[in-house]
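What follows is each chain in one-letter form.
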Amino acid sequence: MEKNQIRLNRFLALCGLGPRRKCDDLIAAGAIMVNGELVTEMGARIDPSRDKVEYFNQQVRPEEKHVFILLNKPLRTVTTASDERQRKTVLDLVEVDQRIFPVGRLDYDTTGALLLTSDGKLAFLLAHPRFHVTKIYRVLLDRRIRPIDLHHFRKGIMLDDRKTAPCKVEEIRIMDNASLLEVELHEGRNRQIRRMLETLGYQVKKLHRIEFAGLRVDDMKTGEWRMLMGEEIYKLRKL
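Before going into details, it helps to say that this report is about the structure given with it. (Residues numbered from 1 in each chain as written. Predicted model: local features only at pLDDT ≥ 70, side-chain atom pairs only at ≥ 80, totals over all residues. Heavy atoms only, no water.)

1. So, the pairing of strand β10 (residues 135-141)
Where burial is concerned, most of β10 is hidden: six out of the seven residues are buried. Of the strand pairs in this sheet, β10 and strand β14 (residues 178-185) are connected by six bridges, and their pairing is antiparallel. Note on β14: the bridge partner recorded for R138 is E182. Both β10 and strand β15 (residues 204-212) contribute to a ladder of seven bridges, which runs antiparallel. The residue bridging L141 from the neighbouring strand is V204, located in β15. (Buried < 20%, exposed > 50% of the residue type's maximum accessible area, 1.4 Å probe, protein only. Helix = DSSP H or I, 4+ residues; strand = E, 2+ residues; numbered from the N terminus. Pairing = 2+ DSSP bridges.)

The following block contains the structure:
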């Protein structure tokens, strides 16, 4: 065995094609070529510095190592890299060597799940409305919501001369005679939930995002952050 050789399935995993078990399936299915030759042998090894590996005739290379962080954003923090008013930003809460930036935004007074990464391309895709990334919020209102307003909220409301997309909303609890809602959105307009409810005559007392792109902060304290695991990163890329 040559010193620089590694297993082909490991190399494919480093290229972002999935876990090693899935990469074994790709090899067995005849989807992988090495130096122009079809390879279907389990346990095959390659030299990444010399060998050309192709997946369905497209050369693949190991991905740049990016950082992916999930933060449970606290109140009164700004979702930007810096703030001209010298307010605390989400980057002040996370200590890493790489240059990272937030995926999308959460308002100054909104808490919850926020993804930060050094992968600009993936950040752009996850934040783009076209890809319909799921976002789930808990929303505490100033009073009980009327059933007819729940209906209007689900069907869409005119904001900026354009109707919001249909969404899911349920009243999950009554707290001090006020509604606690769970809202699932696939859009990302500026202050969307607050503005939709203001249009219907309600004020939002608390807004907390419990989930972004399948990542939840249920078991995280306010202000706590953690690195994503490999399987979580793989699922984000699949989105």
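The structure having been displayed, the exposition proceeds.
2. Things to note about the sheet that holds strand β2 (residues 32-34)
Strands sit in the order β3-β2-β5-β6 across an open sheet of four strands; the sheet is antiparallel. Since the sheet does not close on itself, it has two edges, and those belong to β3 (37-38) and β6 (58-59), each with one partner. By the bridge criterion, two bridges tie β2 to β3 in an arrangement that is antiparallel. In the sheet register, V34 faces β3, and the bridge partner there is E37.

3. Describing the nonpolar core
Generally speaking, nonpolar side chains in soluble globular proteins are found buried as a group. V139, L141, F153, L181, V183, I193 and L197 are the most contacted members of the largest nonpolar core, which has 30 residues in total. For this core, the secondary-structure elements that each account for two or more residues are β7 (68-73), β9 (111-117), β10, α4 (147-155), β14, α5 (192-199) and β15. V183 has contacts with K135, I136, Y137, V139, F153, K168, V169 and I193, leaving out every residue within four places of it along the chain. (Core = buried A, V, L, I, M, F, W, Y, C linked by side-chain atoms within 4.5 Å. Contact = heavy atoms within 4.5 Å.)

4. Some thoughts on the environment of Q58
Turning to its location among the elements, Q58 is positioned in strand β6. The exposure class of Q58 is exposed, given its relative accessible area of 55%.

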